[in-house]
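Below are the chains, spelled out letter by letter.
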Amino acid sequence: EAKSRDPGALYLAMILSAIFLQYDYLACFKIIFFSKCCDGSKLAALLILCEAITASIACAIFSFNGWYNGTVYDAIMNTIGVLFIHDIDEKVFESVSIIIPSENRFSICCCFGKCLRDSMKTWCTFIFIAMLTLITATPLLIMSGVLDTDDYTSAADDVENI
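Residues numbered from 1 in each chain as written. Predicted model: local features only at pLDDT ≥ 70, side-chain atom pairs only at ≥ 80, totals over all residues. Heavy atoms only, no water.

A. Local environment of the state of the cysteines. Within this structure, the stated rule accounts for 0 disulfides. Its sulfur unpaired, Cys 28 is 8.9 Å from the next cysteine sulfur, which belongs to Cys 50. (Disulfide = S-S within 2.5 Å.)

B. View of the pattern of salt bridges. The full count for this structure, using the stated rule, is 1 salt bridge. Between Asp 87 and Lys 91 there is a salt bridge, with the nearest N and O atoms lying 4.0 Å from each other. Residue Asp 87 and its partner Lys 91 are both found in helix H3 (residues 72–97); the two are separated by 4 residues, about one turn of the helix. For Lys 91, a relative accessible area of 45% puts it in the partly exposed group. (Salt bridge = Lys/Arg side-chain N within 4 Å of Asp/Glu carboxyl O. Helix = DSSP H or I, 4+ residues; strand = E, 2+ residues; numbered from the N terminus. Buried < 20%, exposed > 50% of the residue type's maximum accessible area, 1.4 Å probe, protein only.)

C. Summary view of the layout of surface pockets. Put simply, the largest pocket is a space of about 290 Å³. Around the largest pocket sit 13 residues that line it, and Lys 91, Val 92, Ser 95, Thr 125 and Phe 128 are the ones nearest its centre. Mapped onto the lining of the largest pocket, the elements with two or more residues apiece are H3 and helix H5 (120–144). A per-element tally of the lining of the largest pocket places H3 first, with 7 residues. Among the residues making up the lining of the largest pocket, the classes are represented as 9 nonpolar, 2 polar and 2 charged. (1 Å grid on protein atoms, 1.4 Å probe; cavity = no way out; pocket = protein on both sides within 12 Å on 5 of 7 lines; lining within 4 Å. Points joined across faces, edges and corners; volume = space filled by probe spheres on them. Nonpolar A, V, L, I, M, F, W, Y, C, P; charged D, E, K, R; others polar.)

D. Quick look at the nonpolar core. In this structure, Leu 21, Ala 55, Ala 58, Cys 59, Val 82 and Leu 83 together form the largest nonpolar core, which totals 6 residues. Elements with a contribution of two residues or more to this core: helix H2 (41–69) and H3. The element that contributes the greatest number of residues to this core is H2, accounting for 3 residues. In contact with Ala 55, not counting residues within four places along its chain, are Leu 21, Val 82 and His 86. (Core = buried A, V, L, I, M, F, W, Y, C linked by side-chain atoms within 4.5 Å. Contact = heavy atoms within 4.5 Å.)

E. Fine view of a nonpolar patch on the surface. On the surface, Trp 123, Phe 126, Ile 127, Phe 128, Ile 129, Met 131, Leu 132 and Ile 135 cluster together into a nonpolar patch covering about 860 Å² of accessible area. Residue Trp 123 is classed as partly exposed on the basis of its relative accessible area of 49%. (Patch = residues over 30% accessible without salt bridge, like charges linked within 9 Å, V, L, I, M, F, W, Y side chains within 5 Å. Areas by Shrake-Rupley, 256 points an atom, 1.4 Å probe, with all protein chains shown as cover.)

F. Main features of the packing of aromatic side chains. Counted by the stated rule, this structure contains 4 aromatic pairs. Pairing Phe 64 with Trp 67 gives two aromatic rings, centres 5.6 Å apart and planes at 45°, and the pair type is tilted. Of this pair, Phe 64 and Trp 67 both sit in helix H2, 3 residues apart, roughly one helical turn. Its relative accessible area of 41% is what places Phe 64 among the partly exposed residues. What makes Trp 67 buried here is its relative accessible area of 12%. A ring pair is formed by Phe 64 and Tyr 68, whose centres lie 5.7 Å apart and whose planes are at 15°; its orientation type is stacked. One end of the pair is Phe 64 and the other is Tyr 68, both in helix H2 and 4 residues apart, which spans about a single turn. When its relative accessible area of 43% is taken as the criterion, Tyr 68 is described as partly exposed. Taken together, the aromatic side chains of Tyr 25, Phe 29 and Phe 33 make up a single cluster linked through ring pairs. (Phe/Tyr/Trp six-rings, centres within 6.5 Å; stacked < 30°, edge-to-face > 60°.)

Listed below in C-alpha cells is the structure:
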C-alpha cells in the first residue's frame with residue numbers, strides 16, 4: 001500500500017474536527033463570557049470547554065499518526081473515531097431523554113414500580129446496548145473466525161451420539 005504524505009489530508013481532518021466541535025466551543029464561550037448566571041453553569045461550561053480542547057488535541061494527534069504511518073484514509077478515519085467518542089455522551093443523553101416513564105405504567109407494586117420507574121432510562125440503555133452488541137458482534141466474530149462454528153456443531157454432534 002502506497003503511503004501518501006499530502007498535507008491536504010491533515011488540513012481536511014482539522015477542518016472536519018473544527019466544524020464538528022464548533023458548537024461546543026461557541027456555546028461554552030457564550031456561557032463563560034456573556035452569561036450572567038452564577039449557579040454552576042460557568043463551571044460546567046469550563047469543563048465542557050476543556051473536554052472540547054482535549055478532543056481537538058486528540059484529533060490532531062490521531063490524524064497526524066494516521067497520516068504519517070498510513071494513508072489519507074487513515075488520517076480521516078482516526079479523526080472520525082475521536083469525534084465519535086467525543087459525541088457519545090450527547091447521543092446517550094438524547095436517546096434516554098425520549099423515554100418518559102409514566103406513573104400508571106409501573107404501578108405493579110409500590111416499591112418495585114417506583115424503583116423501575118426511577119431507573120427506566122438506565123435499564124433501557126443497558127438492554128439496547130446488550131441487544132445491539134449481540135446482534136452486530138456475533139456475526140462479525142463468526143465471520144472473522146474468532147468464534148468457530150465448527151466447534152459448536154461438533155459439540156452438538158457429540159450430544160446426538162450419546
